[in-house]
Amino acid sequence: MNVQSVTALVTTLVVLVIVVVFINIRRHAHEAREYAPVQGTAYRYRAILFWVMIVVGLPITVYLLRDLPYATAATAPEVVNATGSQWNWDLDKEEFTTGQIVEFNVTSTDVNHGFGLYDQNGTLLAQTQAMPGYINRLTYQFTTPGTYKVMCLEYCGLVHHDMILDLTVADGNGGSNE
Ligand SMILES: [Cu+2]
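Keep in mind the model is a prediction, meaning the values are calculated, not measured.

Caption draft 1: Highlighting the nonpolar core. One finds W89, L91, F104, F115, L117, F142 and L167 to be the most contacted residues of the largest nonpolar core, which totals 24 residues. Put simply, the parts of the chain that give this core at least two residues each are β1 (78-85), β2 (88-91), β4 (101-108), β5 (113-118), β6 (124-130), β7 (136-141), β8 (146-152) and β9 (164-170). Excluding its chain neighbours within four sequence positions, the residues that come into contact with L91 are V80, N81, A82, F104, F115, L165 and L167.

Okay, here's the thing in structure tokens:
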């Protein structure tokens, strides 16, 4: 199971817990109760949850942040302008080689789009927002040859699902020099 599947599973479980909590609140909403003891219990839960967030949430955050996909370039990266419009992507360049560090300068001509870079298995590798009037820079180093996809990650209207562009990455013998 990859990080995305685990995240989807954990999110679903947490949402289910929240739904159960709300159903419980709805079931007991008609009961009249003394305020003070309820407040005491709620404050205790709040304190426990706070420490759960610190003890569990902090290490998870640190662990996940170790693996940022943004490459840092020793040499100047290849700059590629990437513009999203309803409903297509327009890139200066669609063919790359492994090892090369690419800096996508991402913008939009109309509404907000999401620039999502996917590998051939449909795994999201890197993403940034495509916003009108702004340029968001996303650097990425391709390490494996193959066909990659740019897909829109932000719902942008009727044909959002069709904002897909294939990128070809050839072997540049640079994939293994870390
Ligand atoms: Cu879209």
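Caption draft 2: Inspection of the packing of aromatic side chains at higher detail. Scanning the model with the defined rule gives 7 aromatic pairs in all. Measuring from ring centre to ring centre gives 5.2 Å for F104 and F115, while their planes differ by 45°; the resulting arrangement is tilted. Placement of F104 in strand β4 and of F115 in strand β5 is noted, with a sequence separation of 11 residues between them. On the basis of relative accessibility, which here comes to 0%, the residue F104 falls in the buried class. With a centroid separation of 4.8 Å and 70° between ring planes, the pair formed by F142 and Y148 is classed as edge-to-face.

Caption draft 3: Seen up close, the coordination of the copper ion. In the first shell of the copper ion, the protein supplies C152 (SG), E154 (O), C156 (SG) and H160 (ND1), at 1.8 to 2.4 Å from the metal. Given 4 donor atoms and angles of 86 to 121° at the metal, the environment of the copper ion is assigned as tetrahedral. On the primary sequence, the residues serving as donors to the copper ion are separated as C-x1-E-x1-C-x3-H. On the basis of relative accessible area, C156 is assigned to the buried category, the value being 6%.

Caption draft 4: Fine view of the sheet that holds β6. Pairing is mixed in the open sheet, where 5 strands are placed in the order β3-β9-β8-β5-β6. Whereas interior strands pair on both sides, the edge strands pair on one side only; in this sheet they are β3 (95-97) and β6. On average, adjacent strands in this sheet sit at an angle of 25° to one another, irrespective of strand direction. In this structure, β8 lies alongside β9, joined through 6 bridges in antiparallel fashion. Paired with T147 across the strands is T168, a residue of β9.

Caption draft 5: Seen up close, the pattern of salt bridges. Taken as a whole and assessed by the stated rule, the structure comprises 4 salt bridges. Close ionic contact of R33 with E31 constitutes a salt bridge, the shortest N to O distance being 3.7 Å. Looking at E31, the relative accessible area reads 35%, which means it is partly exposed. E78 is paired through a salt bridge with K93; the nearest N and O atoms lie 3.0 Å apart. Taken together, the residues E78 in strand β1 and K93 in the loop between β2 and β3 connect sequence positions 15 residues apart.

Caption draft 6: Fine view of a negative patch on the surface. A cluster of acidic residues, D90, D92, E94 and E95, forms a negative patch on the protein surface. In this structure, E94 sits in the loop between β2 and β3.

What counts, and at which threshold
- Residues numbered from 1 in each chain as written.
- Predicted model: local features only at pLDDT ≥ 70, side-chain atom pairs only at ≥ 80, totals over all residues.
- Heavy atoms only, no water.
- Core = buried A, V, L, I, M, F, W, Y, C linked by side-chain atoms within 4.5 Å.
- Buried < 20%, exposed > 50% of the residue type's maximum accessible area, 1.4 Å probe, protein only.
- Helix = DSSP H or I, 4+ residues; strand = E, 2+ residues; numbered from the N terminus.
- Contact = heavy atoms within 4.5 Å.
- Phe/Tyr/Trp six-rings, centres within 6.5 Å; stacked < 30°, edge-to-face > 60°.
- Donors = N, O, S within 2.8 Å, 3.2 Å for Na, K, Ca; no water.
- Tetrahedral: all angles 85-135°; square planar, octahedral: opposite > 155°, others 65-115°.
- Pairing = 2+ DSSP bridges.
- Axes fitted to C-alpha atoms, helices over the stretch in contact; angles between N-to-C directions.
- Salt bridge = Lys/Arg side-chain N within 4 Å of Asp/Glu carboxyl O.
- Patch = residues over 30% accessible without salt bridge, like charges linked within 9 Å, V, L, I, M, F, W, Y side chains within 5 Å.
- Areas by Shrake-Rupley, 256 points an atom, 1.4 Å probe, with all protein chains shown as cover.
- Lys, Arg positive; Asp, Glu negative; His and termini not counted.
- Charge placed at Lys NZ, Arg CZ, Asp CG, Glu CD.

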